[in-house]
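The chain contents come next:
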Amino acid sequence: MPASRNIILSIRDLTIEFKIPRGILRAVDHLNLDVYEGECLALVGESGSGKSVMAHAILKLLDPNEIIRSGSILFKGRDVLKMSKKELREYRWKKVSIVFQGALTSLNPVLRVADHMIDTAEAHEKWSKEETLRKASQLLQLVHLDSETVLKRYSHELSGGMKQRVVAALALLLEPDLVILDEPTSALDMLTQKFFIKMLNEIKEKRKVTMIFITHDISIAAEIADRIAVMYAGKIIEIGPVEDIFYRPLHPYTKALINSIPSIYGDISKLKPIPGNPPDPVNPPPGCRFHPRCPYVKPICSEKIPKLEKVGVDRMVACHRWREINIEQ
Ligand code: SF4
């Protein structure tokens, strides 16, 4: 269950396209999503499903060839897409921060960790250096780093896991209301991943910060999220509390994602990879975008786009056949 019923971020009818030489690529397709204050919402999907594009749009970080075709992104009632440059400066990092994909390379190699903290604070706050370093030390301790040593280090003097924790501490420095973590564990080994997730759970508990956690790995999402939203071809196809999505998935794609999780102890030959490839976002299949890969496909699936419909408390699914499929099993 979300920690509160207050909506902090509300995305409505968001459509984002890119102009590429081959045509128009629709990365986000009439998407609706609410994020509740204090929750961790995991956005899960294969690469190219639109997760990162949507995350960047929440901060209005747009590529020159990116076009917002429709929609609004309301943060505490204010439309981010209509914010002026000055408003955006106030909003980014102070209200909403992001740990980018590939964060391990995002530290400047010629700056010490302390300089990163001071530069970030100076760009947005009127804190003294001492104040910034005091806050930075507390955050580094929160992410289980020896602050005194780490503040003096350059990025090449830190391991991958340490760099990732420094970047997480930087994202929290200005005490934002919402932190977006874009595939924060994908470059980490399995043990460091586990540790990083444990640490995020502690931060969530202690700081009550709202998080959007983006990942292609639904098993990692299950370890941190309160709710999971599954994305496919720019749309949310299922959303609900983590236990429901993980143990009682309704959408065939969510079921397929869960069946494709490798188990450390299980028989690898029993793994069921999802057949076929993700759809071409320039020429997506008609109707349900998943229909060429779906084992339950019927003629209606290629004729009509299924709507995301409410199917229970905090539960929505976009599939014409979700009732029959889940009775059959
Ligand atoms: Fe499968 Fe049809 Fe449901 Fe799409 S709408 S997921 S093709 S059953």
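Placed above this text is the structure.
Now for a quick tour of the structure. (Residues numbered from 1 in each chain as written. Predicted model: local features only at pLDDT ≥ 70, side-chain atom pairs only at ≥ 80, totals over all residues. Heavy atoms only, no water.)

**Let's talk about the nonpolar core**
Of all hydrophobic cores here, the largest spans 40 residues; its most connected members are Met117, Leu140, Leu200 and Ile203. For this core, the elements supplying multiple residues, two or more each, are helix 3 (113–124), helix 4 (129–142), helix 6 (160–172), strand 7 (178–182), helix 7 (190–207), strand 8 (210–215) and helix 8 (218–224). With 8 residues, the top contributor of residues to this core is helix 6. The residues contacting Leu140, other than those within four sequence positions of it, are Val113, Met117, Leu145, Ser147, Val150, Leu151, Val166 and Ala169. (Core = buried A, V, L, I, M, F, W, Y, C linked by side-chain atoms within 4.5 Å. Buried < 20%, exposed > 50% of the residue type's maximum accessible area, 1.4 Å probe, protein only. Helix = DSSP H or I, 4+ residues; strand = E, 2+ residues; numbered from the N terminus. Contact = heavy atoms within 4.5 Å.)

**A short note on the packing of helix 3 against helix 4**
Running from N to C, helix 3 and helix 4 cross one another at 120°; their axes reach a closest spacing of 9 Å. Viewed along their axes, helix 3 and helix 4 adopt a mutual orientation that is oblique. For the crossing formed where helix 3 meets helix 4, the hand is right-handed. The residues of helix 4 that touch helix 3, namely those facing Val113, Ala114, Met117, Ile118, Ala121 and Glu122, are Lys129, Thr132, Leu133, Ala136 and Leu140. Its residues assigned to classes, the contact of helix 3 with helix 4 shows 8 nonpolar, 1 polar and 2 charged. (Axes fitted to C-alpha atoms, helices over the stretch in contact; angles between N-to-C directions. Parallel < 35°, antiparallel > 145°, perpendicular 65-115°, else oblique. Left-handed = near helix turned anticlockwise from the far one by under 90°. Nonpolar A, V, L, I, M, F, W, Y, C, P; charged D, E, K, R; others polar.)

**Side note on helix 3**
Residues three or four positions apart in an α-helix share a direction because the helix packs 3.6 residues into each turn. Between its first and last C-alpha atoms helix 3 spans 17 Å; for 12 residues at 1.5 Å apiece the expected length is 16 Å, and the two agree. Residues of helix 3 that are buried include every one of Val113, Ala114, His116, Met117, Ile118 and Ala121, and no others. Contacts from the buried residues of helix 3 go to helix 4, helix 5 (147–150) and helix 6. (Expected span 1.5 Å × (residues − 1).)

**Notes on the site of the ligand**
Near the ligand, the surroundings consist of His251, Pro252, Cys288, Phe290, His291, Cys294, Tyr296, Cys301, Cys319, His320, Arg321 and Ile325. Here the shell around the ligand is composed, by residue class, of 8 nonpolar, 3 polar and 1 charged. (Near = heavy atom within 4 Å.)

**Structural notes on the pattern of salt bridges**
Counted according to the given criterion, the structure contains 22 salt bridges. For Lys76, the salt bridge is made with Asp177, and the minimal N-O distance between the two is 3.2 Å. Of this pair, Lys76 sits in the loop between strand 4 (66–75) and strand 5 (78–79) while Asp177 sits in the loop between helix 6 and strand 7, and the two are 101 residues apart along the sequence. (Salt bridge = Lys/Arg side-chain N within 4 Å of Asp/Glu carboxyl O.)

**Focus: the pairing of strand 10 (residues 235–241)**
Here strand 10 lies mainly inside the structure; 7 of its 7 residues are buried. Strand direction decides the pairing type here: strand 9 (residues 227–232) and strand 10, joined by 6 bridges, are antiparallel. When the sheet's bridge partners are listed, Arg227 is paired in strand 10 with Pro241. Taken together, strand 9 and the strand that follows it, strand 10, pair antiparallel across an intervening segment of 2 residues, in which Ala233 is found at a positive phi of about 50°. In terms of strand pairing, strand 10 meets strand 12 (residues 315–317) through 2 bridges, oriented antiparallel. Counterpart to Ile239 in the pairing with strand 12 is Met316. (Pairing = 2+ DSSP bridges.)

**Looking at the sheet that holds strand 5**
Pairing within the open sheet is antiparallel, and its 4 strands lie in the order 2-1-4-5. The open sheet has two free edges, formed respectively by strand 2 (23–36) and strand 5, since each of these has just one partner strand. Note that strand 1 (residues 7–20) and strand 4 share 8 bridges and pair antiparallel. Within strand 4, the residue paired with Phe18 across the bridge is Glu66.

**Section: the sheet that holds strand 7**
If you trace the 8 strands from one edge of the open sheet to the other, you get 6-7-8-3-9-10-12-11, paired in mixed fashion. The sheet is open, and its two edges are formed by strand 6 (96–99) and strand 11 (309–312), each paired on a single side. Direction aside, the axes of adjacent strands within the sheet are offset by 25° on average.

**Observations regarding the environment of Gly161**
With respect to the helices and strands, Gly161 occurs in helix 6. Between the alpha carbons of Gly161 and Thr185 there is a distance of 9.0 Å; along the sequence they are 24 residues apart. Beyond its immediate chain neighbours, meaning those up to four positions away, Gly161 contacts Leu188 and Thr192.

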